[in-house]
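Letter by letter, the chains look like this.
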Amino acid sequence: MAVQITIPRLGWSMEEGIFAGWRKPDGDFVSRGDVLFELEGEKALQEIEAVDEGTLRISADGPEVGAVLKVGAVIGWLTTAGEVWPAPAGSEQGSGSKAESAASETEGENEGQSGNGEGASGSPAVRRMARQLKVDLLRVVGTGRGGRITEDDVRAAAGTQANAVEVSEAVATADHGQKSTPRARRAARKHGVDLTTVRGTGSGGRIREKDVLAAATCSGQRTAVGARSGVLKGRRAVIARRMRESRDRTVPVTIFRTVNAENLAGLRKQFKAAGTTPVPAWHDLIAKLTAVCLVRHPLLGARWAEDDVVLPDAESICIGLAVDTPEGLVVPALQRVGQKSVLELARDSQAAIQRAREGRLVAADTAPAVFTISSLGGLGIDAFTPVINFPETAILGVGTIRRVAIVQEDDRIVVGQQLTLSLTFDHQVIDGAPAARFLQDLAGLLENPAAALLVAGG
């Protein structure tokens, strides 16, 4: 029996994922542990391995790259020799692969009495053509050896049907089926590209999807970019859904606090002067001190679990770091922040940011965080209202560090550096006073970071 290939759940709250493409072609033999396809969950692109073995079968109407799929959706099958894989009605059972050709004779002989309207005497290629031309093989008289139905018989039967234009197009597709991939044929139908005019760049001149899209672009048949249609697709659609979920399930309140960042800036200069590699970024220092603060104020690190919240483990504070990527916002998790030195944290965060921007986050990056830090300081933003990364209950926004005039206790005015923090919290879980005390405590740590990091083992 064919084994279904389904979309797995990559995280406990994941309901859908973004299909990032097959790593194996239709017709290839797959062993356990082979990478089948890539899937993007809530914040990571992961390679999905096969848990069984067999010949990979992908239907012509399978998912396109960037498609958003529900967890559990069937996208392909693993089959054994001579096995009929359960392709959806009207789709193709493969794409002329060697595996299919080798099995065609035994399948044609053994599946004759299936009673599925595809006929005992039709090879897989004949049955595929019959589905494309909408021909009932039970009504076709075969002219081949032993009454076997041939492709010419199917074409002849199709020629008697009323819609000559549809038949002509389908025959062209069938005739070129072995020279084009299922995705290429689907793209050709979508963009109105004649496959006979496309030069294939695949193995043996096989037409690939990118060949069709290139032809469509040259002929001006693709949708103009300026139309901006389909913006909420792929990762952007997932981000939009999560934003709506946060809006619908939290009661957000944002409070602001300015911090004297003179000592924080001085500490970073010391790391630079010492020649450490990498030099801790602002978010590294802030994340380290935030972890200290979350131990003192665990309610700010609570996570929703059904209709209750779970407080964080003080020994394994995990903080999410919002990263801007070309494909949208990604939040890799920095694990055990409180137990790492600042330099260890800097190395880990730098690597996580690079993986996020390359779309190659690993499983560790998707660990459930208890708190998220989002910074727009690099873009010159002073303060903003960050959106809670549900099921977390709080998020910290970090603005830019500016040189400002500061009034000292003795009324002297000096030039100093100032940072604005924006704390958004879920008022269902956290009241204003506890949130303000957390922010006050964090401000104190940031204004005297060296002492705080020394105590924290940073």
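Residues numbered from 1 in each chain as written. Predicted model: local features only at pLDDT ≥ 70, side-chain atom pairs only at ≥ 80, totals over all residues. Heavy atoms only, no water.

**Q** Give a description of the overall build of the protein chain that names residues and reports values.
**A** What the protein chain contains, in helices and strands, is twelve helices and 18 strands. Expressed as a percentage of its 458 residues, the buried residues of the protein chain come to 47%. Excluding contacts between residues fewer than 6 apart, the proportion of contacts in the protein chain whose partners are at least 24 apart in sequence is 63%. Surface accessibility of the protein chain: about 22800 Å² in total, with carbon and sulfur atoms responsible for 51%. (Helix = DSSP H or I, 4+ residues; strand = E, 2+ residues; numbered from the N terminus. Buried < 20%, exposed > 50% of the residue type's maximum accessible area, 1.4 Å probe, protein only. Contact = heavy atoms within 4.5 Å. Areas by Shrake-Rupley, 256 points an atom, 1.4 Å probe, with all protein chains shown as cover.)

**Q** So what's going on with the nonpolar core? Residues and values would help.
**A** F371, L396, L421 and L423 are the most contacted members of the largest nonpolar core, which totals 51 residues. The element that contributes the greatest number of residues to this core is helix α9 (residues 282-296), accounting for eight residues. Contact partners of L396, with chain neighbours within four places excluded, come to I286, T290, F371, T372, I373, S374, P386, L421, S422, L423, L439 and L442. Ranked by size, the runner-up nonpolar core spans 16 residues in total, among them M14, F19, L69 and I75. (Core = buried A, V, L, I, M, F, W, Y, C linked by side-chain atoms within 4.5 Å.)

**Q** Give me the lowdown on helix α5 (residues 182-191), citing residues and values where you can.
**A** Of all ten residues that make up α5, seven are buried, and the element is covered over most of its length. For α5, the set of buried residues is P182, A184, R185, R186, A187, A188 and H191.

**Q** Report on the packing of α9 against helix α10 (residues 342-358), specifying residues and quantitative values.
**A** The angle between the axes and the distance between the axes are what describe a pair of packed helices. The interhelical angle for the contact between α9 and α10, taken along N-to-C directions, is 120°, at an axis separation of 9 Å. Judged by the inter-axis angle, α9 sits oblique to α10. Once α9 is placed against α10, the crossing between them reads as right-handed. Residue-level inspection shows H283, D284, L285, A287 and K288 of α9 in contact with α10, the latter providing V342, L345, A346, S349 and I353. Here the residues of the contact of α9 with α10 are counted per class, giving six nonpolar, two polar and two charged. (Axes fitted to C-alpha atoms, helices over the stretch in contact; angles between N-to-C directions. Parallel < 35°, antiparallel > 145°, perpendicular 65-115°, else oblique. Left-handed = near helix turned anticlockwise from the far one by under 90°. Nonpolar A, V, L, I, M, F, W, Y, C, P; charged D, E, K, R; others polar.)

**Q** If you had to explain the sheet that holds strand β8 (residues 74-79) to someone new, which residues and values would you point to?
**A** If you walk across this open sheet you meet the four strands as β1-β8-β6-β3, and the pairing is antiparallel. Here the strands that pair on one side only, and so sit at the sheet edges, are β1 (3-6) and β3 (29-30). Where strand β6 (residues 54-57) meets β8, three bridges bridge the pair, whose relative direction is antiparallel. Bridging from a neighbouring strand, L56 pairs with L78 of β8. (Pairing = 2+ DSSP bridges.)

**Q** Explain the sheet that holds strand β12 (residues 319-321) to me, using residue names and the numbers behind them.
**A** Pairing within the open sheet is mixed, and its six strands lie in the order β9-β18-β17-β16-β12-β15. Unpaired on one side and paired on the other, β9 (252-260) and β15 (333-334) mark the two borders of the sheet. For β12 and strand β16 (residues 371-375), the ladder comprises three bridges, and the chain directions are parallel. Along β16, the bridge assignment pairs L321 with I373.

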